[in-house]
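These are the residues of each chain, in order.
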Amino acid sequence: MMSRIVVLISGSGSNLQALIDAASTLSLPSASIAHVISNRKAAYGLTRAANATPPIPTSYHGFPPYKTSHPSDPRGAYDADLAKLILSLPEDQYPDLIVCAGWMHILSPKFLDPIDEAGIPIINLHPALPGAFDGAGAIERSWEAFNKGEITETGVMIHYVIKEVDRGDPIVVKKVEMKAGESVEELTERIHAIEHVAIVEGAKLALEKKKGNPS
Ligand SMILES: Nc1nc2c(c(=O)[nH]1)N[C@@H](CN(C=O)c1ccc(C(=O)N[C@@H](CCC(=O)O)C(=O)O)cc1)CN2
Ligand SMILES: NCC(=O)N[C@@H]1O[C@H](COP(=O)([O-])[O-])[C@@H](O)[C@H]1O
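Only a predicted model underlies this, so the values are computations on that prediction, with no experimental measurement involved. Sequence positions are assigned chain by chain, starting from 1 and proceeding in written order. In the order they appear in the text, chains get letters beginning with A and ligands get numbers beginning with 1. The model is predicted, so local features are restricted to residues of pLDDT at least 70 and side-chain atom pairs to those at 80 or more, both for listing and for counting; the totals for chains, interfaces and linings are taken over all residues. Side-chain figures throughout are based on the complete set of non-hydrogen atoms in the structure, without hydrogens or water.

Asker: Tell me about the nonpolar core, residues and numbers included.
Answerer: Core analysis: the largest hydrophobic core is formed by 39 residues, its most contacted members being Ile5, Val7, Leu19, Leu28, Ile33, Val36 and Ile199. Of all the elements, helix α7 (residues 184-211) adds the most residues to this core, at eight residues. Note on terminology: a nonpolar core comprises buried Ala, Val, Leu, Ile, Met, Phe, Trp, Tyr and Cys residues joined through side-chain atoms within 4.5 Å. Between buried and exposed lies partly exposed: a residue is buried under 20% and exposed over 50% of the maximum accessible area for its type, with that area taken using a 1.4 Å probe on protein chains only. Counting residues in each nonpolar core, the second largest holds 22 residues, with Ala83, Trp103, Leu107 and Ile120 among its members. Under the scheme used here, helices are H or I runs from DSSP no shorter than 4 residues and strands are E runs no shorter than 2 residues, and both carry numbers assigned from the N terminus.

Structure (structure tokens):
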């Protein structure tokens, strides 16, 4: 039976592309990318989805209008509508798994609770080791910490998404050595390559766990 994945993005979508390329291969068997949602209209990941074969349905769900339409709780209203968007997808797009792949928006319980009640796990790619550099800009912060002598290694993890940002149970953890004299751009490039492997492994494991047959 085909498992359906909904992917949340905010940018280039190179991790989405890794999932698209892996779907229904031995790396990510019996899985399809059923829908892609971006919070940024210009996200190139939307183009990647449109260029997929067959094209992957996409939605743009932008945050700015909520600042005026729901001034008292824009995040809550935005998140509630995001959950409704996903939970109202047609059967052939309704997710077995939600993957945050460079999704740069903190999800509140207004999203997490209805998705949890629907029994849909959410996983996230984070370019750091568990408990380190939570939040945005993790690669840059780890590079700075290394050059201050504060750390000797960093990593990439795929973790379950809970209310506390980047504190959900890890599914995949890959350590990344840090190199003296390396630029932040060079480190970022190395980390991105590792992310593209980790996110596929994480999606596969999360789907297996949901089916009750962890490998
Ligand atoms: N409730 C959770 N939401 C999210 C998680 C999570 O673990 N729990 N993971 C993040 C992904 N992420 C790091 O991996 C992350 C992304 C963005 C931010 C952040 O500070 N976002 C700002 C807006 C920044 C911007 O628009 O450029 C915000 O939402 O106010 C922190 C962590 C995804 N969500
Ligand atoms: N906190 C999450 C986070 O910082 N994610 C970062 O966003 C990038 C998205 O790239 P992509 O759009 O090419 O997949 C990822 O490479 C990852 O480092």
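Asker: Would you mind going over the site of ligand 2 in detail, with residue names and values included?
Answerer: Lining the immediate environment of ligand 2, one finds 14 residues, of which Gly13, Ser14, Asn15, His192 and Glu195 sit closest. Here an oxygen atom of ligand 2 and a backbone polar atom of serine 12 are 3.3 Å apart. Only α1 (14-22), β5 (122-126) and α7 provide two or more residues apiece to the shell around ligand 2. Residue polarity is assigned by list, with Asp, Glu, Lys and Arg as charged and Ala, Val, Leu, Ile, Met, Phe, Trp, Tyr, Cys and Pro as nonpolar; anything else, Gly included, falls into the polar class. Grouping the constituent residues of the shell around ligand 2 by class yields four nonpolar, nine polar and one charged. Any residue with a heavy atom lying within 4 Å of a molecule or strand is counted as near it. N or O atoms closer than or at 3.5 Å make up a polar contact, with two conditions inside protein: a donor-capable atom paired with an acceptor-capable one, and, for residues adjacent in sequence, both atoms drawn from side chains.

Asker: Run through the packing of aromatic side chains, naming residues and quoting values.
Answerer: How two aromatic rings sit relative to each other is given by the distance of their centres and the angle of their planes. Stacked, edge-to-face and tilted are the three classes for Phe, Tyr and Trp ring pairs, Trp counted by its six-membered ring, which pair at centre distances within 6.5 Å; planes under 30 degrees apart are stacked, over 60 edge-to-face, the rest tilted. One pass over the structure, following the stated rule, counts two aromatic pairs. Between phenylalanine 63 and tyrosine 78, the aromatic rings sit 5.3 Å apart at their centres with planes inclined by 80 degrees, giving edge-to-face as the arrangement. A residue pair is termed long-range when its members are at least 10 positions apart, and phenylalanine 63 in the loop between β3 (58-60) and α3 (64-69) and tyrosine 78 in helix α4 (residues 74-87) qualify at 15 residues. The buried category is assigned to phenylalanine 63, whose relative accessible area is 18%. Residue tyrosine 78 is classed as buried on the basis of its relative accessible area of 0%. The interplanar angle of 85 degrees and the centroid separation of 5.4 Å between the aromatic rings of tyrosine 66 and tyrosine 78 together place this pair among those described as edge-to-face. Separated by twelve residues along the polypeptide, tyrosine 66 in helix α3 and tyrosine 78 in helix α4 bring together distant segments of the chain. In terms of burial, tyrosine 66 and tyrosine 78 fall into one category: buried. Every member of this aromatic cluster is reached through a ring pair, and the members are Phe63, Tyr66 and Tyr78.

Asker: I'd like to hear about the UniProt feature "domain: Formyl transferase N-terminal" (unreviewed entry) in the chain, residue by residue, with values.
Answerer: UniProt positions are given in the numbering used here, feature names are shortened, and annotations may be inferred rather than shown by experiment. Residues annotated in UniProt with the feature "domain: Formyl transferase N-terminal" (unreviewed entry) correspond here to residues 4-201. With 37% helix and 21% strand, the stretch residues 4-201 has end C-alpha atoms that lie 15 Å from each other.

Asker: I'd like a description of the packing of α1 against α7, backed by residues and values.
Answerer: In a pair of packed helices, the angle between the axes and the distance between the axes together describe the arrangement. Two numbers describe how α1 lies on α7: the axes approach to 9 Å, and their chain directions differ by 55 degrees. Taken together, the axes of α1 and α7 lie oblique to each other. Between α1 and α7 the crossing geometry is right-handed. Contacts from Ser14, Asn15, Ala18, Leu19 and Ala22 in α1 reach Glu195, His196, Ile199, Val200 and Ala203 in α7. Partitioning the contact of α1 with α7 into residue classes produces six nonpolar, three polar and one charged. All axes are obtained by fitting lines to C-alpha atoms, using only the stretch in contact for helices, and the reported angles, taken between N-to-C directions, cover 0 to 180 degrees. Between 65 and 115 degrees an angle is taken as roughly perpendicular, under 35 as roughly parallel, over 145 as roughly antiparallel, and anywhere else as oblique. In this scheme the crossing of two helices becomes right-handed for a clockwise turn of the near helix relative to the far one and left-handed for an anticlockwise turn of less than a right angle. Any two residues whose heavy atoms approach within 4.5 Å are treated as being in contact.

Asker: I'd like a description of α1, backed by residues and values.
Answerer: Of all the positions in α1, only Asn15, Leu16, Ala18, Leu19, Ile20 and Ala22 are classed as buried. Its buried side turned inward, α1 meets β1 (3-9), β2 (31-38), α2 (44-51), β4 (97-100), β5 and α7. Looking one or two residues beyond α1, the residue adopting positive phi is serine 24, at roughly 60 degrees.

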